[in-house]
Amino acid sequence: MTILITGGAGYIGSHCCVTFLQAGHDVVVVDNLINSRAQSLKRVEDITGCKLFFEEADIRDQDALERILAKYDCTAVIHFAGLKAVGESVSQPLDYYDCNVVGTHRLLKAMEATGVHQLIFSSSATVYGDPQYLPLTENHPTGPVNPYGRTKLMVEEMLTDVAASDPKWRFGILRYFNPVGAHASGAIGENPLGVPNNLMPFITQVADGRRDKLSVFGDDYDTRDGTGVRDYIHVVDLVEGHLKAYEALQARSGNDNCFTVNLGTGTGYSVLEMVRAFERASNKTVPLVIAPRREGDVAECYADTKKAEETLDWRAQRDLTAMCHDTWNWVCKNPRGYDD
Ligand code: NAD
Ligand code: UDP
């Protein structure tokens with residue numbers, strides 16, 4: 001069974017390659033390397049002792065996708081490729097609609113042309129917008145508050161419509177909460193190019209001296225210590241959820257051909273709790289200042305995990321200590337990311 005992994009050189013995609021190779025699948029990665037390094041795929045091969053195939057291509061290139069799907073006789077697609085920076089999506093919305101929405105449309109057209117009908121999609125908890133209640137269940141109303149979130153919701157809707165049009169299609173829509181951590185080997189991990197937007201990479205860059213201090217965006221939220229609460233999930237748990245989703249898709253038939261599930265732990269941690277946990281795991285101090293709230297942030301966001309347990313027979317296994325420890329292990333072993 002050859003699985004096409006789009007965006008497989010990226011943070012989550014590279015971990016997913018490890019999990020699928022170790023489960024005995026053949027893997028071909030399509031990535032245009034706009035936010036990643038091909039070096040990550042060499043590391044995947046080192047970890048697994050398995051060979052994978054890499055095709056440098058853009059998901060908007062339908063001809064290239066058709067050629068690749070046919071060449072490797074792919075049976076399913078795991079679709080990570082896309083742009084993901086919320087702030088950038090506000091300043092460059094057309095790039096986001098083009099890459100995330102048009103790109104997925106071309107991918108689906110290429111799949112249709114080559115007779116590949118199974119796809120797992122990387123969506124995000126950001127499609128829920130400001131939570132009306134917690135924990136967030138999958139039937140919570142959607143209402144993304146930025147262009148990035150709207151591209152994710154549009155793709156979800158496109159997949160739902162395509163699934164309804166013909167039972168030959170099978171889709172798993174996975175709404176990620178906050179992926180953090182790295183493979184336990186320390187050989188692959190998150191490698192943000194430029195100033196990190198997300199909390200965990202910023203904390204690590206303060207801990208290793210690349211940045212002076214962390215700005216905590218607001219300490220006046222209605223949460224236990226006033227700082228924002230999120231559901232952080234270890235990236236290896238997250239990709240194991242993809243393997244379970246792939247297996248669940250094989251068992252689907254008829255009109256029961258599309259599911260949407262949250263991938264989170266169900267537990268929220270505040271910014272200050274994350275800093276303290278990271279300090280314990282790394283034995284480093286993380287200086288911080290309280291800064292104004294960041295526009296568009298919600299106070300609290302964490303998953304209801306029941307549907308994932310029922311649909312996928314999956315729940316996250318790794319705790320906050322493992323998330324922080326594995327992140328620090330990756331950073332210490334690769335101070336310049338993949339650029340060494
Ligand atoms: P990433 O940037 O590390 O990986 C995305 C990969 O896609 C990169 O390797 C990039 O080069 C590639 N890519 C981008 N546009 C492409 C295109 N047009 N054609 C081919 N390749 C392209 O990001 P990630 O954190 O691994 O995220 C993977 C997916 O999960 C994304 O779709 C993202 O929106 C989604 N997601 C991520 C998070 C998170 O916090 N990391 C949360 C929710 C959802
Ligand atoms: N955050 C922060 N300082 C930073 C980056 C993030 O205080 O430099 C906070 C942010 O306000 C939120 C939490 O950390 O409460 C998680 O932010 P992140 O961007 O990682 O995830 P998201 O907001 O997309 O869930």
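Quick caveat: nothing in here was measured; it's all calculated off a predicted structure.

Thoughts on the overall build of the protein chain
Across its full length, the protein chain carries 11 helices and 14 strands. Expressed as lengths along the three principal axes of its C-alpha atoms, the size of the protein chain is roughly 55 × 45 × 40 Å. Within the protein chain, contacts between residues at least 6 apart in sequence are counted, and of these 79% link residues at least 24 apart. For the protein chain, the computed accessible surface area is about 14,400 Å², with 47% contributed by carbon and sulfur atoms. Computed over 33 positive and 46 negative side-chain charges, the separation of the two mean positions in the protein chain equals 3 Å.

With respect to the sheet that holds strand S9 (residues 229-230)
Pairing between the strands of a sheet comes from backbone hydrogen bonds, and it takes one of two forms, parallel or antiparallel. Reading across from one edge, S12-S9-S14 is the order of the three strands in this open sheet, with mixed pairing throughout. For this open sheet the edge positions go to strand S12 (269-270) and strand S14 (300-301), each flanked by a neighbour on one side alone. Pairing analysis gives two bridges linking S9 to S14, with the strands arranged parallel. Looking across to S14, one finds that Val 229 is bridged to Glu 300.

Focus on the site of ligand 2
Taken together, 14 residues sit near ligand 2, with Leu 199, Ser 215, Arg 230, Arg 294 and Asp 297 positioned nearest. Within the side chain of Arg 230, an N or O atom sits 2.8 Å from an oxygen atom of ligand 2. Contact with the protein chains removes 87% of the 520 Å² of surface that ligand 2 exposes when unbound. With four residues, the top contributor of residues to the shell around ligand 2 is strand S8 (residues 214-217). Classifying every residue of the shell around ligand 2 gives six nonpolar, five polar and three charged.

Quick word on the packing of helix H5 (residues 93-114) against helix H6 (residues 147-165)
The relative placement of two packed helices is expressed as an angle between their axes plus a distance between the axes. H6 packs onto H5 with a crossing angle of 20° between their chain directions and a minimal axis gap of 9 Å. Overall, the two elements H5 and H6 adopt an arrangement that is roughly parallel. Where H5 crosses over H6, the two elements pack in a sense that is right-handed. Residues Pro 93, Tyr 96, Tyr 97, Asn 100, Val 101, Thr 104, His 105 and Leu 108 of H5 form the contact with H6, whose own contacting residues are Pro 147, Tyr 148, Arg 150, Thr 151, Met 154, Val 155, Met 158 and Leu 159. Looking at the contact of H5 with H6 residue by residue, the classes come out as 11 nonpolar, four polar and one charged.

Some details on the site of ligand 1
Inspection of the region around ligand 1 gives 28 residues, with Asp 31, Asn 35, Ser 36, Lys 84 and Tyr 148 positioned closest. Taking Phe 80, its main chain carries an N or O atom lying 2.8 Å from an oxygen atom of ligand 1. Note that an oxygen atom of ligand 1 is positioned 2.8 Å from one of the side-chain N or O atoms of Lys 84. For ligand 1, the accessible surface in isolation is 820 Å², of which the surrounding protein chains cover 95%.

Some thoughts on the packing of helix H9 (residues 271-282) against helix H11 (residues 320-333)
Interaxial distance between H9 and H11 falls to 9 Å at its minimum, and their mutual angle equals 60°. Classified by the angle their axes make, H9 and H11 are oblique. Judged by the sense of rotation from one axis to the other, the crossing of H9 with H11 is right-handed. Contacts from Met 274, Ala 277, Phe 278, Ala 281 and Ser 282 of H9 reach H11 at Leu 320, Cys 324, His 325, Thr 327 and Trp 328. Among the residues forming the contact of H9 with H11, the class breakdown is seven nonpolar, three polar and no charged.

Structural notes on the sheet that holds strand S2 (residues 26-31)
Pairing within the open sheet is parallel, and its seven strands lie in the order S3-S2-S1-S4-S5-S6-S11. Looking at strand neighbours, the two that pair on one side only are strand S3 (53-56) and strand S11 (258-263), the edges of this open sheet. On average, each strand axis in the sheet is inclined to that of its neighbour by 20°, with strand direction left out of account. Bridge count between strand S4 (residues 74-79) and strand S5 (residues 118-124): three bridges; the pairing is parallel. Residue Ile 78 lies in a different strand from S5, and its bridge partner there is Ile 120. The sheet strands contacting H5 are strand S1 (2-6), S4, S5 and strand S6 (170-176), and the helix crosses S4 at an angle near 170°.

Quick look at the pairing of S4
Most of S4 is tucked away: five of the six residues are buried. Where S1 lies against S4, five bridges are found, and the strand directions are parallel. From the neighbouring strand, Thr 6 faces S4, where its bridge partner is His 79.

Rules behind the numbers
- Residues numbered from 1 in each chain as written.
- Chains lettered and ligands numbered in written order.
- Predicted model: local features only at pLDDT ≥ 70, side-chain atom pairs only at ≥ 80, totals over all residues.
- Heavy atoms only, no water.
- Helix = DSSP H or I, 4+ residues; strand = E, 2+ residues; numbered from the N terminus.
- Contact = heavy atoms within 4.5 Å.
- Areas by Shrake-Rupley, 256 points an atom, 1.4 Å probe, with all protein chains shown as cover.
- Lys, Arg positive; Asp, Glu negative; His and termini not counted.
- Charge placed at Lys NZ, Arg CZ, Asp CG, Glu CD.
- Pairing = 2+ DSSP bridges.
- Near = heavy atom within 4 Å.
- Polar contact = N/O pair within 3.5 Å; in protein donor to acceptor, adjacent residues only side chain to side chain.
- Nonpolar A, V, L, I, M, F, W, Y, C, P; charged D, E, K, R; others polar.
- Axes fitted to C-alpha atoms, helices over the stretch in contact; angles between N-to-C directions.
- Parallel < 35°, antiparallel > 145°, perpendicular 65-115°, else oblique.
- Left-handed = near helix turned anticlockwise from the far one by under 90°.
- Buried < 20%, exposed > 50% of the residue type's maximum accessible area, 1.4 Å probe, protein only.

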